[in-house]
Structures are given as structure tokens and as C-alpha cells.
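Working through the structure, step by step
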Amino acid sequence: MFNSRNAGATQVQPTSPVPAHAIRFRTPVVETPAVFLITRWVWRLLRSVVLAPFRFPVAVSTVAGVVATVHYLGWVWLSLGVALSGAGLAGWWWRWPLSFRSLVVLRALATWRWLWVYRRHWQPVLVVAGLAESYQERQYLPQVKSVTCSEWADRVRVRLVAGTSPADVENRVVELAHGFAAPSCRVTVLGPRDVVLEFPRRDLLAEPLDALPIPDEVDLCALPMGLREDGQTWRMRLHGTHVLTVGVTGAGKGSVIWSAIRALLPAIDDGTVRVWAIDPKRMELSYGRPLFARYADSAETSVALLESAVEQMQQRAARYAGRQRTHTATADDPFVVVILDEVAFLTAYHPDRDIRRRAENAIATLTSQGRSVGFCVLAALQDPRKEVMNLRNLFPDKVALRLDEASQVDMVLGEDAHERGANAHLITPDVPGVAFVRLEGSPIPVRVRAAYVTDDDIAAMVAEYGPSPGLRSVPGEGVA
Ligand SMILES: Nc1ncnc2c1ncn2[C@@H]1O[C@H](COP(=O)(O)OP(=O)(O)O)[C@@H](O)[C@H]1O
Ligand SMILES: [Mg+2]
């Protein structure tokens, strides 16, 4: 006999305790009477007609103008009006091209993008991305409030459904970008229920960028490095900070280092900036050796160079003590940039424990005390995990090139960077030099691409700027 007590939880009971003829509950099917549906459609139609002049003033007044002209004046006058309007627009475009572009072209484009992309695909994309609950219930769909276009991106202002938060949207940026065929999606939070989604229309960073022109004046707080995804120049600060550049092999760490060196050239030339270079792989920096005040490649000389930097920094700090709180780069007190390629080679991978310890101590001292006295460390690293580099928090500024895993993004750029769209782990190998950075004063990571300084560019830089008179007088102190 079947014993229901011993049966597994998933087993079907052979005898139901409820007899077959007992009452069964069914969801009642209530059909809405047609009159209600028709009333609702009519109400919606009327509301759209009444609101149309307010929602689309230009389109409605144009149509009204055309109809009124044809009705009262005839086709000849309409043709004349069209020709005059066309001439007016052409004149506007010719005389004030910028305002014509922003007030006419970009607005027309925004309307087109709203109709053709966002309105058409909004519901399916949001449902598939998990941001809307059902295909049927409109009230569970976030609403597009407006679409505006800048030269490079669409900005879609969205009112979220009550019960969802901007963080939900931030977690779906990859799906949204795919859904609207954009290279990326960035979320700006305006309020608890209002966000702006920014979709670039095309990827300005897809093509490699030639080395930027060498500036006439060097601004140590804004060195031109490459391009931002919004088309502006990516500028990086070195004075008063330290920069850690992280990326897998081939991610383009060299292009970040060389773009910075290139931007410093006039200051290297006049002696107000000195670059000390450490190149454990002997691949990256050796090519530009005459540009550097100091250069080291073996572990022993590299550590000696770092310790010598610490000593000079401390001497300068002692000189400044009580007299001067900030550093201004001069030929007597130059700004010293210590460039460290493949820093983990010294701090983690080197077999000699003493070398590792000394290197780590020197880097920690330089980064924690050097900022205000004109010493900066610009380091490159492949693996941001703590075991390999526990000094990364001493670098206030970071550049996240292509990384292996999503978790590494937050390690490099700080908590929530990944959620805010810094998808450094999704950068493809075919775009070396593309990175995410946080710009000063903004928590939102920005995608950038470093300009590519080729070997020929470096050769030309060396021919023009190195070795400068200021550099030759620097004593070597046994450093290679
Ligand atoms: N900014 C860039 N733009 C275009 N190509 C680049 C850029 N940076 C690097 N590359 C290409 O990628 C290769 C590897 O770059 P590299 O800087 O040596 O990588 P990493 O130092 O991160 O291992 C270079 O030889 C070059 O061909
Ligand atoms: Mg390299």
C-alpha cells in the first residue's frame, strides 16, 4: 500500500483529499465593456490633440501655418513662404552656423532619435533589460521625459517607476547600451526618480589617436593626454598628485606614460621638470633615455634611484618646513616626476625580499609625502589585486585601462566605479589606450583614449629635446 507520509515532497499524491466534484476556484474573467474602452480611446485622442501645441510647438505651428496659407492665400503664396523660409534658414546657417546647429540641426536630430530609436524600442529594451515589468502594463514602464542631442551623444531624461531606484538603472548600463545600439551608457542621477541616460551616437575613441602637439606652455595640472569620449581633450594632473595606470599586457600603459612625458617636454627642456625613469622591462622607457634626468633598469639601481628620490624629497621638505607650504616648479626647485613602469616587478615579483621591501618603503614614502613638495610618482601596473600592490591607495589618481575582471575596476577606480559605468573589463583588445578615469570634481568615470606616441615620435622628441643642458649637470650617483 502507498504510504503518503514516506513519499518524497515532489511525489504526486495518488489520492487527493479533495473529492473531484468539490468546488473549484477559477479566476473570474471580466470583460471590460466596449463602451469603456472606446471612451478611453477618445479621451486619450482628445488629450493628445489638446496637448500637442504645448508638446510640439514648432511642428504644430508649421502644420497650422501651411494649412492656413493654403486655405486663405493659395498654393502660390505657400510656395513663396517655403522659399522664403528656406532662404532664411540658409542665411541663418551661413551667418551663425553654431547657433543654427544647436537650435535647428541638433533639435531636429533629437526629435528624430526620440521617434526612431527611443520611442520605438523603449518598451522592449527596458523589459528585456529587466527595468520594466511587463509588456502590457504601461504604468510599470519608466517614462522618457525628453531627448536632447549634443554633438556626440543623446541625453535621455527618464522618470523612473516608483519602487525602482537609480541604482537599478546603473546596474543595467551594459544592456541599455546594447539595446539602443550605443557604444556605452552613462547614468547621471538628478533625483530619487529622475535620471539622465547618456548614449554616445558613435564611438569617438574607436580610431587610434596620433600623438598630440607638444604644448607651448606646460600646465602641470592639466597635461593634454588624449581624447575624452565627449570629444574634449583628456587632461591629466601630475602636480600635487600621484597617478597609477593599471591595465593588462598590451592595454596601452606605455601610451599613457609617453603622452605625459610628451606633454612635459618644454618644461623638461627649460629645467623646471625632471623625469626620473625606472624601466624594469627595459622595453618601454629605454628608447627615450636622453630625456630623463635619471634612468634605472636593474632592480638594484632602481631601488637606489627610488631611495635617492626619497632623500631629495626629504631634504626639500626640511627646507620648506615652516616657510613654504606649496611647491612651484622652478629651475632650482624642479618638479620631479618618478616614472615607474611595471611597478610590481620591484614590489611583488622580485625574488630578493630586501629589494621588495626597500622598493615598497621608498614608494610609500614618496607617495605619502611628496605631493606638496613637488615630487610625483607616475606608475604602471598590470595586476591591481592587493597581494600584488598594496600601495595603490596611496595614488590619488588612477587610470583603468583594459582589465581582466569587473571586480578589478572598483579596486582601481574606487568603490561603485563599475556600477557607474566604468566597464574597463569590457574594453576590447583592439582599442589599446582606451581607459576609464575619474576627472577632478566628478564621481562619474569618463572613458578616454590616450594618444599613441610611436617610436618615431619618441625619436623625434629625443632629437629635439634631449639631452637638455639642465639634465647633463645632474650627478648620476651611481645610478645607471
Ligand atoms: N593609445 C594607443 N593607441 C593605439 N595603439 C596603442 C595605444 N597604446 C598602445 N597601442 C598599441 O598596443 C601595443 C601595446 O601597448 P603597450 O603600451 O606596450 O602596452 P602595455 O605597456 O600596457 O603592455 C603597442 O605596441 C601599440 O601597438
Ligand atoms: Mg608596457
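What you see is a predicted model, and the numbers here were worked out from it, not measured in a lab.

**Let's talk about the pairing of strand S10 (residues 335-340)**
Two faces belong to every sheet, and in a regular strand the side chains alternate between them. Burial analysis of S10 places six of its six residues in the buried class, the great majority of the element. As paired elements, strand S8 (residues 273-278) and S10 share six bridges and run parallel to each other. Within S10, the residue paired with Ile278 across the bridge is Leu340. As defined by bridge partners, S10 adjoins strand S11 (residues 375-381) across five bridges and the pair is classed as parallel. By the bridge assignment for S11, Val338 is matched with Val377.

**Examining helix H1 (residues 34-55)**
Taking 1.5 Å per residue, 22 residues should reach 32 Å; H1 reaches 30 Å between its end C-alpha atoms and fits that length. Where H1 bends most, at Val49, the angle is about 30 degrees, and the proline Pro53 comes one to four residues later. Of all 22 residues in H1, one are buried, a share of ten percent or less.

**Overview of the site of ligand 1**
Near ligand 1 there are 16 residues, and of these Gly250, Gly252, Lys253, Gly254 and Ala450 occur at the shortest range. Ala251 is positioned with one of its backbone polar atoms (N or O) 3.3 Å from an oxygen atom of ligand 1. One of the backbone N or O atoms of Pro432 is found 3.3 Å from a nitrogen atom in ligand 1. In the complex, the protein chains occlude 74% of the 550 Å² of accessible area that ligand 1 would expose alone. Among the secondary structure elements, those contributing two or more residues to the shell around ligand 1 are helix H7 (253-269) and strand S14 (445-450). Considering each element in turn, the shell around ligand 1 owes the most residues, three residues, to H7.

**So, the environment of Val158**
As for its position among the elements, Val158 is in strand S2 (residues 153-159). Classification of Val158 by relative accessible area gives buried; the value is 2%. When the C-alpha positions of Val158 and Gln143 are compared, they lie 5.6 Å apart, and in sequence the two are 15 residues distant. If sequence neighbours within four positions are ignored, Val158 has contacts with Trp122, Pro142, Gln143, Lys145, Arg193, Asp194, Val195 and Leu197.

**Quick notes on the nonpolar core**
In this structure, Leu306, Val338, Leu340, Leu346, Leu366 and Leu413 are the most contacted members of the largest nonpolar core, which totals 49 residues. Here this core takes eight residues from helix H8 (residues 299-320), the largest share from any one element. The residues contacting Val338, other than those within four sequence positions of it, are Trp276, Leu305, Leu306, Ala309, Leu366, Cys376, Val377 and Leu378. Listed in part, the 45 residues of the second largest apolar core include Leu264, Ala277, Cys376 and Val437.

Conventions and cut-offs
- Here the residue numbers are simple positions, counted from 1 along each chain's written sequence.
- Key to labels: chains lettered from A, ligands numbered from 1, both in the order written.
- Where local features are concerned, this predicted model is filtered to residues with pLDDT of at least 70; where side-chain atom pairs are given and counted, the filter is 80 or more; whole-chain, interface and lining totals use all residues.
- Excluded from the side-chain calculations are hydrogens and water; all other atoms, namely the structure's heavy atoms, are used.
- Three exposure classes are used, based on accessible area relative to the maximum for each residue type with a 1.4 Å probe and protein chains only: buried under 20%, partly exposed in between, and exposed over 50%.
- Only DSSP runs of H or I with at least four residues qualify as helices, and only runs of E with at least two residues qualify as strands; both kinds are numbered from the N terminus onward.
- Strands were regarded as paired on the criterion that DSSP finds at least two bridges between them.
- Helix span, expected: 1.5 Å multiplied by one less than the number of residues in the helix.
- The angle between axes fitted to the seven-residue stretch ending at a residue and the seven-residue stretch beginning at it gives the bend at that residue.
- Nearness here has a simple test: a residue counts as near a molecule or strand if at least one of its heavy atoms is within 4 Å of that partner.
- Polar contact criterion, stated in full: a pair of N or O atoms within 3.5 Å, where within protein one must be able to donate a hydrogen and the other to accept it, and residues adjacent in sequence count only if both atoms are side-chain atoms.
- Computed with a 1.4 Å probe, the accessible areas rest on the Shrake-Rupley method; for each residue, only the protein chains presented here act as cover.
- We call two residues contacting when some pair of their heavy atoms lies within 4.5 Å.
- We define a nonpolar core as any set of buried Ala, Val, Leu, Ile, Met, Phe, Trp, Tyr and Cys residues linked to one another through side-chain atoms lying within 4.5 Å.

All we've got here are geometric facts, nothing functional implied.
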